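Remarks on the overall topology
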Amino acid sequence: MKPECIFSDPANERDAVELLRAIVQQDSSNPPGLTVGVADIALTWLKAAGFSPEIIQAVPDKPNVVVDLENGPGPHLVLNAHLDTIPPGNKKMWR
């Protein structure tokens, strides 16, 4: 995966699709919501993109990936997302 492609070339979807494919292949169904696999992928991708992510984990097997982008004084933007997913349901119904 080339993380910089997502930022540098919006027309190049291949790397974004590859990243998404790797993420959705991880079973993070809730319950139980174990997100170690997804967090590892995010951590690896962010490091490769030049960021300094860290893991904060209040609950075992449910890590949070945190990245602080220092941009000086002023307002801050906080983005928050879930790493867990709902169960896929009947897998025979998927095409």
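A few points on the structure. Every residue gets a number counted from 1 within its own chain, in the order that chain's sequence is written. In view of the model being predicted, local features appear only for residues whose pLDDT reaches at least 70, and side-chain atom pairs are presented and counted only at 80 or more, with totals across whole chains, interfaces and linings using the full set of residues. Excluding hydrogens and water, the side-chain figures rest on all heavy atoms present in the structure.

Quick word on the overall build of the protein chain
The helix and strand tally for the protein chain stands at three helices and two strands. Across the protein chain, helices and strands are ordered from the amino to the carboxyl terminus as α-α-α-β-β. Each residue is assigned to one of three classes by its accessible area relative to the maximum for its type, calculated with a 1.4 Å probe on protein chains only: buried under 20%, partly exposed between the two thresholds, exposed over 50%. The buried share among the 95 residues of the protein chain stands at 18%. Expressed as a percentage of contacts within the protein chain between residues at least 6 apart in sequence, the contacts between residues at least 24 apart total 41%. Comment: elements are numbered from the N terminus, with helices defined as DSSP H or I runs of at least four residues and strands as E runs of at least two. Contacts were defined at the residue level, with two residues in contact if any of their heavy atoms lie within 4.5 Å.

A few points about the side chain of T35
In this fold, T35 is placed in the loop between α2 (14-24) and α3 (36-48). Apart from the residues lying within four places of it in its own chain, the contact partners of T35 are S28, D61, K62, P63, L83 and D84.

Things to note about the environment of H76
You can see H76 is positioned in the segment after β2 (64-66). Residue H76 is classed as exposed on the basis of its relative accessible area, which comes to 66%. There is a polar contact of 3.1 Å between the side chain of H76 and the backbone oxygen of G74. Polar contact is defined as a pair of N or O atoms within 3.5 Å, subject to the rule that within protein one atom must be able to donate a hydrogen and the other to accept it, and that residues adjacent in sequence are counted only when both atoms are side-chain atoms.

Describing the side chain of S28
With respect to the helices and strands, S28 occurs in the loop between α2 and α3. The exposure class of S28 is buried, given its relative accessible area of 2%. Sequence-distant contacts of S28, that is, excluding residues within four places in its chain, are made with G33, L34, T35, V38, L83, D84 and T85.

What about α2?
Within the span of α2, buried status applies to D15, L19 and A22. Taken around the axis of α2, the buried residues stretch over an arc of 65°, which confines them to a single face. Seen from the buried face of α2, the exposed residues on the opposite side, beyond 90 degrees, are R14, L20, R21 and V24. Comment: arc refers to directions from the helix axis out to C-beta atoms.

From the geometry alone we can't say anything about function, so treat these as descriptive.
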